[in-house]
Amino acid sequence: QVQLVESGGGSVQAGGSLRLSCAASGRTFSSHSMGWFRQAPGKEREFVAAITWAGGRTYYADSVKGRFAISRDNTKNTVYLQMNSLKPEDTAVYYCAADTRLYNIPTMHPVDFGSWGQGTQVTVSS
C-alpha cells in the first residue's frame, strides 16, 4: 500500500498559480496510476486529473483542462499538480490518491482509488 502526503496548497488571487506535490512512500508507487481530486464545502469529491503509472498518459476534468497539468517523478516518488489561471471556483481541499490496482488505466471515480492523502487547502480569491 502507498502512503501519501500532499503539500503546496495556500491562498492565491484569481489568475495566480500554485503547484501541489504529493509525496508517496511504499515500494509500488511507480506501479500505480495516480489521481488528484478536490472537494469544496458542501459538495462531493470530484475528479481533477490523473496520470498513468509511467506518466505516459494524462487525463483531466473539463473544468481544468488547459489550466492544470499533472506530472510525476517516479525517481522521487512524487506526483505534482501545476495549477495556472486559478479561479475562485477552484477553491477546495485537494487530495492525491493512488489507483487501487497496479498498472491500471485510471478512472475518474474516487471508489477506484484505495490510498488517499490528508488533503491540502487551496483558496482562490477574486
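Just so it is clear, the model here is predicted, and its values are computed rather than measured. (Residues numbered from 1 in each chain as written. Predicted model: local features only at pLDDT ≥ 70, side-chain atom pairs only at ≥ 80, totals over all residues. Heavy atoms only, no water.)

Colleague: Account for the side chain of Ser31, naming residues and giving values.
Modeller: Mapped onto the elements of the fold, Ser31 is located in the loop between β3 (18-25) and β4 (32-39). For Ser31, the residues in contact, after removing those within four places along its chain, are Trp53, Leu102 and Tyr103. (Helix = DSSP H or I, 4+ residues; strand = E, 2+ residues; numbered from the N terminus. Contact = heavy atoms within 4.5 Å.)

Colleague: Which residues make up unusual backbone geometry, and what are the values?
Modeller: Unlike most non-glycine residues, Asn77 shows phi in positive territory, near 50 degrees. Inspection of the secondary structure puts Asn77 in the loop between β7 (68-73) and β8 (78-83).

Colleague: Account for the state of the cysteines, naming residues and giving values.
Modeller: Per the stated rule, a full pass over the model turns up one disulfide. Through a disulfide, Cys22 is tied to Cys96; the S-S separation comes to 1.9 Å. Around the S-S axis, the bridge from Cys22 to Cys96 shows a dihedral of about 50 degrees and counts as right-handed. In this pair, Cys22 sits in strand β3 while Cys96 sits in strand β9 (residues 92-102), placing the two residues 74 residues apart along the sequence. Judged by relative accessible area, Cys22 falls into the buried class, the value being 0%. (Disulfide = S-S within 2.5 Å. Buried < 20%, exposed > 50% of the residue type's maximum accessible area, 1.4 Å probe, protein only.)

Colleague: Could you give an account of the nonpolar core, naming the residues involved and the relevant values?
Modeller: Grouped together as the largest cluster of nonpolar side chains are 34 residues, with contacts concentrated most on Trp36, Leu81, Met83 and Tyr94. When residues no more than four places from it in sequence are discounted, the contact partners of Tyr94 are Glu6, Leu20, Trp36, Phe37, Arg38, Val48, Phe68, Leu81, Met83, Gly119, Thr120 and Val122. (Core = buried A, V, L, I, M, F, W, Y, C linked by side-chain atoms within 4.5 Å.)

Colleague: Break down the packing of aromatic side chains for me, with residues and values.
Modeller: For the coordinates displayed, the defined rule picks out six aromatic pairs. Plain terms: the ring middles of Phe37 and Trp116 are 5.0 Å apart, the flat faces sit at 55 degrees to each other, and that makes the pair tilted. With Phe37 in strand β4 and Trp116 in strand β10 (residues 113-116), this pair connects stretches of sequence that are 79 residues apart. Clustering of aromatic rings is evident, with ring pairs tying together Phe37, Phe47, Tyr95, Phe113 and Trp116. The positively charged end of Arg19 is found above the aromatic ring belonging to Tyr80, 4.0 Å away from the centroid. (Phe/Tyr/Trp six-rings, centres within 6.5 Å; stacked < 30°, edge-to-face > 60°. Lys NZ or Arg CZ within 6 Å of the ring centre and 35° of its normal.)

Colleague: Explain the pattern of salt bridges to me, using residue names and the numbers behind them.
Modeller: Any two side chains of opposite charge can pair if their charged atoms end up close together. Inspection of every chain in the model, using the stated rule, returns four salt bridges. Here Arg38 makes a salt bridge to Asp90, at a shortest N to O gap of 2.9 Å. Here Arg38, found in strand β4, pairs with Asp90, found in the loop between β8 and β9; they are 52 residues apart in sequence, far enough to count as distant. Grouping residues by exposure puts Arg38 and Asp90 together as buried. Put simply, Arg38, Glu46, Arg67 and Asp90 are held in one network by salt bridges that share partners. (Salt bridge = Lys/Arg side-chain N within 4 Å of Asp/Glu carboxyl O.)

Colleague: Outline the pairing of strand β1 (residues 3-7), supporting the account with residue identities and numerical values.
Modeller: On β1, burial follows the alternation: Leu4 and Glu6 on one face are buried, whereas Gln3, Val5 and Ser7 on the facing-out side are not. Sheet analysis places β1 next to β3, joined by five bridges and oriented antiparallel. From the neighbouring strand, Val5 faces β3, where its bridge partner is Ala23. (Pairing = 2+ DSSP bridges.)

Colleague: Which residues make up the sheet that holds β7, and what are the values?
Modeller: One open sheet holds the four strands; their spatial order is β1-β3-β8-β7, and the pairing between them is antiparallel. With one partner strand each, in any of the chains shown, β1 and β7 form the two edges of the open sheet. Averaged over neighbouring strand pairs, the angle between their axes works out to 15 degrees when direction is ignored. Here six bridges tie β3 to β8, and the two strands are oriented antiparallel to one another. Bridge pairing links Arg19 to Gln82 in β8. (Axes fitted to C-alpha atoms, helices over the stretch in contact; angles between N-to-C directions.)

No statement about biological role is implied by the geometric values presented.
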